[in-house]
Amino acid sequence: GSKEFLEAIQGAWLTEIPDMVGFGRREHTQIIAAITTRADPYRAAYARVAEDHPRTTIFAATSETDSYLDDDRGKRRYWPLRCTEIHLDVLRASRDQLFAEATAQFKAGSTWHEVPAEEAEQEQLARRIGDPWEEAISHYVKGRMDVTIAQVVTEGLAIEYSRQDRAAQMRAAKVLKTLGFECKVVWENGRSIRRYLRAS
């Protein structure tokens, strides 16, 4: 996010984000913000005013492990591809031809930003870091159409009331969303209650 970074990617065709598994939640949030920006406003060297600089690069993140997507928000931002051996000599020799073919297809009307949705989702799920609570909560909500966080934490996870802090509630809520539940506020006995309903 620094100005030096924004200037460095100008004119670059490909920018690597190295070792995805080494990033924590905060860094992942910064990466998501960085890769989804279409233009960077900043004042270039020797310029008098700040200007928008459109992005021209493709970001490629690398990882030596299979588990690095621990955030469901971020999961949708990545298109995982497994690479084995990359023949750089062949790539260098055919680079211009590959770009020429891509340019011809783009000018002919082919889409450039779509990926195979079902295959991409399978690859994303294969790289997701699961929560240890997921199995217990999945077992508890089996056959249920709606639950509350209190039910999940108390009955499903058997956590004592004194240990049911906000962190535990948020963690359980995240697992429920992963399992396909949506939070809805409903009125019961004259007060509002947050219930998690199974998405249809």
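1. Structural notes on the overall build of the protein chain
Per the secondary structure count, the protein chain includes 8 helices and 7 strands. Over its C-alpha atoms the protein chain spans a radius of gyration of 23 Å, topping by over 25% the 16 Å that the globule rule assigns to 200 residues. C-alpha atoms of the protein chain, sized along the principal axes, occupy 65 × 45 × 35 Å. Burial statistics for the protein chain: of 200 residues in total, 24% are counted as buried. Put simply, 63% of the contacts in the protein chain that link residues at least 6 apart link residues at least 24 apart. Accessible surface computed for the protein chain: about 15,000 Å², of which carbon and sulfur atoms make up 52%. A gap of 7 Å separates the mean positions of the 29 positive and 31 negative side-chain charges of the protein chain.

2. A few points about the pattern of salt bridges
Taken as a whole and assessed by the stated rule, the structure comprises 5 salt bridges. Between Arg-55 and Asp-40 there is a salt bridge; the shortest N-O distance is 2.6 Å. Of the two residues, Arg-55 sits in the loop between strand E3 (51-54) and strand E4 (58-61) while Asp-40 sits in strand E2 (residues 39-42), which places them 15 residues apart along the sequence. An identical accessibility class is assigned to Arg-55 and Asp-40; each is buried. What emerges from the salt-bridge pattern is a single network uniting Asp-146, Glu-188 and Arg-195.

3. Remarks on helix H7 (residues 149-156)
Along H7, the residues that are buried comprise Ile-149, Val-152, Val-153 and Gly-156. Angular distribution of buried residues about the axis of H7 spans 110°; they occupy a single face of the element. Looking at the buried residues of H7, the elements they touch are helix H6 (134-141), strand E5 (146-147), helix H8 (166-178) and strand E7 (191-198). Just beyond H7, the residue with positive phi is Ala-158, at close to 55°.

4. Describing the sheet that holds strand E6 (residues 181-188)
Strand order in the open sheet formed by 3 strands is E5-E7-E6, with antiparallel pairing between adjacent strands. Both edges of this open sheet fall to E5 and E6, since each of them pairs with a single strand only. Bridge analysis of E5 against E7 gives 2 bridges, and the strand direction is antiparallel. For Asp-146, the partnering residue across the bridge sits in E7 and is Leu-197.

5. Some thoughts on the packing of aromatic side chains
Under the defined criterion, the tally for this structure stands at 2 aromatic pairs. With a centroid separation of 6.5 Å and 25° between ring planes, the pair formed by Phe-5 and Phe-59 is classed as stacked. In this pair, Phe-5 is assigned in helix H1 (residues 3-8) and Phe-59 in strand E4, connecting sequence segments 54 residues apart. In this structure Phe-5 comes out as partly exposed when scored by relative accessible area, which is 25%. Residue placement shows Arg-144 over the ring face of Tyr-140; its charged tip is 4.1 Å from the ring centre. Sitting above the plane of the Trp-133 ring, Arg-171 keeps its charged end 3.9 Å from the centroid.

6. Things to note about the pairing of E7
Examined bridge by bridge, E6 and E7 share 8 bridges and lie antiparallel to one another. Pairing of Cys-183 across the sheet is with Tyr-196, part of E7. Linking E6 back to E7 in an antiparallel pair, the connection comprises 2 residues, with Asn-189 at a positive phi of about 55°.

Rules behind the numbers
- Residues numbered from 1 in each chain as written.
- Predicted model: local features only at pLDDT ≥ 70, side-chain atom pairs only at ≥ 80, totals over all residues.
- Heavy atoms only, no water.
- Helix = DSSP H or I, 4+ residues; strand = E, 2+ residues; numbered from the N terminus.
- Rg over C-alpha atoms; globule rule 2.2 N^0.38 Å.
- Buried < 20%, exposed > 50% of the residue type's maximum accessible area, 1.4 Å probe, protein only.
- Contact = heavy atoms within 4.5 Å.
- Areas by Shrake-Rupley, 256 points an atom, 1.4 Å probe, with all protein chains shown as cover.
- Lys, Arg positive; Asp, Glu negative; His and termini not counted.
- Charge placed at Lys NZ, Arg CZ, Asp CG, Glu CD.
- Salt bridge = Lys/Arg side-chain N within 4 Å of Asp/Glu carboxyl O.
- Arc of directions from axis to C-beta.
- Pairing = 2+ DSSP bridges.
- Phe/Tyr/Trp six-rings, centres within 6.5 Å; stacked < 30°, edge-to-face > 60°.
- Lys NZ or Arg CZ within 6 Å of the ring centre and 35° of its normal.

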